Amino acid sequence: MTNLMQEQFKNEMITLLNLKQNTYKEVVYDYTYWDEFVSTIKNKDNEWYQSNISSILGSFHADYVCVYDTALNLIYEDGSPDLLSRNFITLETLKALQGKRFINYFQVLPEGTISINAASIHPTSDPTHSKTKPEGYLFVIKLWGDDFIDKLIPISGAKIKIIPPHDSIIESNPNYITVTHTLTSWDEEPVAQMHFSKEFRAIFVFRQMSLVIFITLMLSIIITWLLLYFITKHWVRKPLKLVSELLITEKHELIPELLKAPGEFKLIGNLFKLLFKQNKELQEAKEKAEENEKLKTAFLANMAHEIRTPMNGILGFSELLKNRNLSKQKQEEFLNIIEDSGNKLLYIINNLVDISKIEAGQMKVILEKTNLNEIIDYIYHFFGPKIEKYNMQLACSKGLAQDLAFVNTDHDKINAILINLVNNAIKYSQRGTITFGYRLKDSCIEFFVKDEGQGIEKNMQESIFERFIQVEKSIFKANEGSGLGLTISKSYVEMLGGKIWVESEPGKGSQFFFSIPCQS
Ligand code: ADP
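In this text the structure is predicted, and so the values were computed from the model without any measurement.

Draft legend 1. Here's a closer look at the sheet that holds strand 8 (residues 190–199). Reading across the sheet, the three strands line up as 6-8-7 and stay open at both edges, with antiparallel pairing between neighbours. Because the sheet does not close on itself, it has two edges, and the strands there are strand 6 (159–163) and strand 7 (176–184). Averaged over neighbouring strand pairs, the angle between their axes works out to 20 degrees when direction is ignored. One ladder, built from five bridges, connects strand 6 with strand 8; its direction is antiparallel. Within the sheet, the bridge partner assigned to Lys161 lies in strand 8 and is His195. Contacting strand 7 and strand 8, helix 1 (residues 2–31) runs over the sheet at an angle of about 40 degrees to strand 7. Against the sheet, helix 6 (residues 146–156) makes contact with strand 6 and strand 8, and its axis sits at roughly 140 degrees relative to strand 6, the strand it touches most.

As structure tokens, then:
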């Protein structure tokens with residue numbers, strides 16, 4: 001804005017100076033196409049000069065006038081009391097005027113800086129000063145002294161000074177605009193400078209406004225910055241820090257805090273929650289797979305052992321039987337061992353076939369009208385010899401009368417489950433009484449097999465129904481088994497629409513239950 005004002009101020013001042021100079025340019029122009037002037041140069045009429053040329057000094061407030069003939073001799077000069085210097089027009093200027101017809105320039109004299117306007121003189125018929133040859137030269141000089149400047153000051157409203165060409169004035173008041181205009185000689189050499197300075201209230205107001213605007217702007221920037229700082233802290237930086245902390249430390253406790261965060265971070269918090277849940281599930285699945293793998297390996301090793309033992313029995317005692325000298329009693333004993341080993345092998349193989357059928361989804365349920373009491377009686381008699389062998393007692397309980405004990409279910413599966421449970425009860429007790437049977441409970445038939453054996457630790461009571469699980473054999477060395485019996489039983493019970501569970505106290509005994517829907 002200051003530059004704009006400065007530009008405008010300079011233009012105004014130059015226009016003013018041009019106006020002042022134009023007066024003398026016009027005077028010089030008007031006087032120099034004049035027949036009378038041309039003839040006066042020839043006959044050197046001093047009186048004519050005095051009345052016509054010197055009058056310029058009074059009429060136009062000029063300070064010096066002079067006339068030269070074509071031989072560049074000074075033939076007339078006159079000046080005001082303010083300008084006493086005489087004959088100061090240089091030969092070079094005169095020669096320059098010969099060619100140009102009009103010149104105006106500045107020169108510095110002891111009295112001050114003067115503005116010189118000159119033109120060649122021609123007849124009245126040649127106002128353009130170009131058709132005829134010059135008949136002489138007229139110079140009109142104005143002294144730009146204190147008087148002249150004093151008159152300019154009120155018109156311009158500015159402080160004006162004429163200073164040497166290479167000087168400069170430093171204005172201390174910031175509300176002032178200063179401009180300088182160089183005054184040049186006839187050959188464009190700087191001879192002096194016009195220095196104008198003017199107070200512009202607008203600058204003061206503008207500066208004040210700029211200051212207010214600057215302070216307001218700075219304050220807005222600071223407030224915006226602070227707002228941004230706190231907003232980003234709350235909305236972005238704090239939650240981002242939480243996110244990176246979560247990524248690094250995987251601390252679940254940080255998730256609720258992230259869920260409280262605004263906007264998208266809540267979503268990220270939920271994603272973390274999901275991710276951690278999936279990670280946990282994955283970890284559990286991995287552990288389970290590893291555990292299964294271990295169990296499978298242990299199962300296979302055990303199975304190999306379980307198969308090899310009766311096989312060795314069969315092969316070993318068959319070999320012994322070849323001896324013809326064996327007593328009848330020995331032969332019978334060996335045959336019993338071979339039969340026993342064969343049954344064990346068959347049991348294992350049956351279990352393996354059953355579990356693979358179950359896993360392949362090929363095990364079918366055959367529902368038929370089944371008399372439960374008959375199953376109980378069959379089991380009772382089936383285990384009679386074994387019970388006797390271990391010197392145990394077997395008791396059974398029937399929940400329904402013979403003619404009411406009919407249920408629509410899979411006879412063979414109920415049979416197999418009960419055989420398995422009673423067999424286990426004998427295997428893991430080898431003492432006391434085994435009680436088994438069924439009772440009607442709500443709309444179900446609830447079977448049970450109770451023993452007084454080693455019992456099962458609380459933490460194993462669920463897993464024994466899973467594949468390949470065998471509780472560490474500790475008490476009875478004879479507790480061989482495939483670890484598949486309860487798994488098969490559980491699958492059968494579920495196929496029949498029921499459930500199986502155990503209640504047991506280690507050292508005191510176990511009671512296995514399974515229920516099936518009661519539909520006759
Ligand atoms: P196994 O062929 O080993 O008997 P099961 O699936 O029938 O396989 O039984 C799994 C495990 O459950 C057994 O190894 C045993 O540790 C435990 N178990 C089953 N029945 C009894 C029971 N009546 N008393 C104590 N432990 C039992």
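Having seen it, we continue.
Draft legend 2. Up close: the nonpolar core. Membership of the largest hydrophobic core comes to 46 residues, with the highest contact counts inside it found for Leu418, Phe447 and Phe514. Counting residues per element, this core draws most heavily on helix 13 (residues 411–427), which supplies eight residues. Sequence-distant contacts of Phe447, defined by excluding residues within four places in its chain, comprise Leu372, Ile414, Leu418, Gly437, Tyr438, Phe512, Phe513, Phe514 and Ile516.

Draft legend 3. Fine view of the sheet that holds strand 10 (residues 393–397). One open sheet accounts for five strands, arranged 10-12-13-15-14; its pairing is mixed. At either end of the open sheet lies a strand with only one pairing partner, and these are strand 10 and strand 14 (499–505). Strand-to-strand twist of the sheet, defined as the mean angle between neighbouring strand axes without regard to direction, takes the value 15 degrees. Across five bridges, strand 10 lies against strand 12 (residues 433–441) in parallel orientation. Note that in strand 12 the partner of Cys396 across the bridge is Phe436. Helix 11 (residues 372–382) rests against strand 10, strand 12 and strand 13 (444–450) of the sheet, and its axis sits at about 175 degrees to strand 12.

Draft legend 4. Molecular detail of the environment of Asp442. Mapped onto the fold, Asp442 is located in the loop between strand 12 and strand 13. The spatial distance from the C-alpha of Asp442 to the C-alpha of Phe465 is 25 Å, given a sequence separation of 23 residues.

Draft legend 5. Focus on the packing of helix 9 (residues 264–321) against helix 10 (residues 328–360). Running from N to C, helix 9 and helix 10 point in directions that differ by 155 degrees, and their axes come no closer than 9 Å. When the interaxial angle is binned, helix 9 and helix 10 end up roughly antiparallel. Here helix 9 runs over helix 10; the crossing is left-handed. Here Phe299, Met303, Glu306, Ile307, Pro310, Met311, Gly313, Ile314, Phe317, Ser318, Leu320 and Leu321 of helix 9 come into contact with helix 10, specifically with Gln331, Phe334, Leu335, Ile337, Ile338, Ser341, Gly342, Lys344, Leu345, Ile348 and Leu352.

Draft legend 6. Structural view of helix 10. Look at helix 10: 47 Å from first C-alpha to last across 33 residues, which is about the 48 Å you get at 1.5 Å a residue. For helix 10, the set of buried residues is Phe334, Ile338, Ser341, Leu345, Ile348, Asn351, Ile355 and Ile358. Along its buried surface, helix 10 packs onto helix 9 and helix 14 (485–495). Just downstream of helix 10, Gly361 is the residue with a positive phi angle, here 75 degrees.

Draft legend 7. Region of the structure containing the packing of aromatic side chains. For the structure shown, the criterion picks out 23 aromatic pairs. Aromatic pair Phe37 and Trp48: ring centres 5.2 Å apart, planes at 35 degrees, arrangement tilted. Taken together, the residues span a long stretch of sequence, with Phe37 in helix 2 (residues 35–43) and Trp48 in helix 3 (residues 46–53) at a distance of 11 residues. A relative accessible area of 0% means that Phe37 is categorised as buried. Between Phe465 and Phe512, the aromatic rings sit 6.2 Å apart at their centres with planes inclined by 70 degrees, giving edge-to-face as the arrangement. Highlighted residues: Phe465 in the loop between strand 13 and helix 14 and Phe512 in strand 15 (residues 509–517), separated in sequence by 47 residues.

Rules and cut-offs
- Residues numbered from 1 in each chain as written.
- Predicted model: local features only at pLDDT ≥ 70, side-chain atom pairs only at ≥ 80, totals over all residues.
- Heavy atoms only, no water.
- Pairing = 2+ DSSP bridges.
- Helix = DSSP H or I, 4+ residues; strand = E, 2+ residues; numbered from the N terminus.
- Axes fitted to C-alpha atoms, helices over the stretch in contact; angles between N-to-C directions.
- Contact = heavy atoms within 4.5 Å.
- Core = buried A, V, L, I, M, F, W, Y, C linked by side-chain atoms within 4.5 Å.
- Buried < 20%, exposed > 50% of the residue type's maximum accessible area, 1.4 Å probe, protein only.
- Parallel < 35°, antiparallel > 145°, perpendicular 65-115°, else oblique.
- Left-handed = near helix turned anticlockwise from the far one by under 90°.
- Expected span 1.5 Å × (residues − 1).
- Phe/Tyr/Trp six-rings, centres within 6.5 Å; stacked < 30°, edge-to-face > 60°.

Everything listed is a geometric property; what it means functionally is a separate question.
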